[in-house]
Amino acid sequence: MAAMFSQNPLMNGPNYSYNDAPRVNAPEGAREHRFDPYTDNGGSTLAIAGADFSIMAGDTRLTSGYSINSRHHPKLFKIGGTTADQKDATIVLSVVGFAADGEALKERLDAICKMYRYRHGKPMSVKACAQRLSTILYQKRFFPYYAYAILGGLDEEGKGAVYSYDPVGSYEREQCRAGGAAASLIMPFLDNQVNFKNQYIPNSGEGHALQERERRPLTRNEVEILVKDAFDGAVERHIEVGDGLQMMVITANGIEEVLLPLKRD
Amino acid sequence: MDHRPQAWGRPRDDVYGAYDASYLHNNGPKTATQSPIVTGTSVIAIKFKDGVVMAADNLASYGSLARFTDVKRLRPFLSTSVVGFGGDVSDMQFLDRHLKELATDEAYEHEASSTTTDEGGSGAGEGQLNAANLYKYLSKLMYRRRNDFDPLWNQILVAGLDAHAKPFLASVDLRGTTFTSPSLATGFGAMLAQPIMRRYAATEEDAARLTREEAVNVIKECMKVLFYRDARSLDRYSIAVVTKDGVELSEDEQLEKQSWAFAERIRGYGTQVV
């Protein structure tokens, strides 16, 4: 379970999500026989909320250790459509971490959203779905779903909404979030490019007098380019990220899905 | 002498105290399969134009001992699918019994409709389980067992045709992790055979262009490489071809055209030259 907290700043930067080092505190000759129910299947996800859209993205590589199990294993799922083909879905869930738990989590949430639709005759709002997802995760507090989930959609006012989670259900609504193996590589880039952190108006003053660049919501085209750049960067520096980029754009007109190639090395 | 025969031959309570039977009660952690014992090595499979080819050798090892040399690790299901097992052999046999029971139930269930023609062309009869259905069942079973901390120590490949009569190949392991790919391999095969298979079927489109003959040749070549380099492997193996016409399973193939000439040149591990 140590890998679950590999975002630990003490570990200093990005880490591989499996343990390569020999165990230090095991007694001489001791062998571990206990079954470890978790692994990390690598990969990375990303979500950005715009003024009237949300964009979710994830790479399609599935790894275990140094092996690539599959080059096309989607991490993005449409949630809560009327039927299995999810044609009229309005919410997208991305999961990264332990793939089997991610799959189970997705199916749980989808089933619950479908039940809601049949009982109330209307689709679940993103806000309600977000709260429910937190509850589902927390219900397994002592045997958690080892998955970093991000939920994206449009809120009641039609604005882009992104909710991000930790494996035990803590969540918050955010403007943007990166998850998974390359989260620590992508998130600082997003802070700078989406929230304009550390961007100042040139010659506006010294020290505290420096004026921050004014924040404005990004356009859809800008965000799509940003997402591709973020993943191209992550692919270059993280071995568990690559192969394909799956992107879902949620607007008032529905969900558009785009599949782009990434480096396969 | 004690008048109760039950007490004869037992430690006397007045001397030794009451017998402590607590160890007989099983209230500690469950001690089911926590590590594999008799194991099978790689299973490899590749999709082609109208089906899937799968192969696995006939060896079951006990650690480094080649314990059983005639173990069939590819099992057909309902003549629509093939299931290949890597990992613990007893867990494989448990699953095989379980699947046989499922197949029997399915056969009774669809007895009445067995005369109807197969319109989907998926090799499965009307309403019969196809490979995709079987795979979903197996992956739920494996994930459930991992949640119970009582895993079935296998990696499983399922091959056949899906509901749209397209070639289907997928994998599930002891933790319930599921994935699909144009070619798949378990164990050592993932390191040695998968790169060779990916040369021929890197994408689904490549796989859809492969002929049956080409696919069988690739698989045979991979089995040879595995026998050369995997110390827990055997030159006798099973090979199965699944198409819409059913499963063709050959369980006693012999590796052909081996050449050990390369072995002459091997000295030590990499850097050694003399």
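Everything discussed here concerns the structure shown above.
What counts and how
Residues numbered from 1 in each chain as written. Chains lettered and ligands numbered in written order. Predicted model: local features only at pLDDT ≥ 70, side-chain atom pairs only at ≥ 80, totals over all residues. Heavy atoms only, no water. Phe/Tyr/Trp six-rings, centres within 6.5 Å; stacked < 30°, edge-to-face > 60°. Helix = DSSP H or I, 4+ residues; strand = E, 2+ residues; numbered from the N terminus. Buried < 20%, exposed > 50% of the residue type's maximum accessible area, 1.4 Å probe, protein only. Lys NZ or Arg CZ within 6 Å of the ring centre and 35° of its normal. Polar contact = N/O pair within 3.5 Å; in protein donor to acceptor, adjacent residues only side chain to side chain. Contact = heavy atoms within 4.5 Å. Buried area = accessible area lost by both parts, 1.4 Å probe. Salt bridge = Lys/Arg side-chain N within 4 Å of Asp/Glu carboxyl O. Nonpolar A, V, L, I, M, F, W, Y, C, P; charged D, E, K, R; others polar.

S.K.: Give me the packing of aromatic side chains: which residues, what numbers.
M.R.: Between two aromatic rings, the relevant description is the distance of the centres plus the angle of the planes. Evaluation of the coordinates by the stated rule reveals 14 aromatic pairs over all chains. Between the aromatic rings of Phe227(B) and Trp260(B), the centroid separation amounts to 6.0 Å while the plane-to-plane angle is 85 degrees, which identifies the pairing as edge-to-face. Note that Phe227(B) is positioned in helix H7 (residues 212–229) and Trp260(B) in the loop between strand E13 (246–254) and helix H8 (261–264), a separation of 33 residues in sequence. The partly exposed category is assigned to Trp260(B), whose relative accessible area is 41%. An aromatic cluster is built from Phe35(A), Tyr38(A), Phe98(A), Phe143(A), Tyr146(A), Tyr148(A), Phe149(B) and Trp153(B), whose rings are joined through pairwise contacts. Over the ring of Phe196(A) we find Arg213(A); its NZ or CZ atom is 3.9 Å from the centre of that ring. Over the ring of Tyr38(A) we find Arg146(B); its NZ or CZ atom is 5.3 Å from the centre of that ring.

S.K.: Help me get a handle on the side chain of Asn58(B), residues and values and all.
M.R.: In this fold, Asn58(B) is placed in the loop between strand E3 (51–57) and strand E4 (60–62). Of the polar contacts made by the side chain of Asn58(B), one reaches the side chain of Ser238(B); its length is 2.8 Å.

S.K.: Report on the interface of chain A and chain B, specifying residues and quantitative values.
M.R.: At the interface, 25 residues of chain A touch 23 residues of chain B. Each partner contributes to the roughly 1,900 Å² buried at the junction of chain A and chain B, and carbon and sulfur atoms together form 50% of this total. A salt bridge links Arg146(B) to Asp101(A); its shortest N-O distance comes to 3.0 Å. Joining chain A to chain B, the criterion identifies eight residue pairs in polar contact (both at pLDDT 80 or more). Here the side of chain A that touches chain B gets six residues from one element, more than from any other, and that element is helix H1 (residues 99–120) of chain A. When grouped by side-chain class, the residues that make up the side of chain A that touches chain B number eleven nonpolar, seven polar and seven charged.

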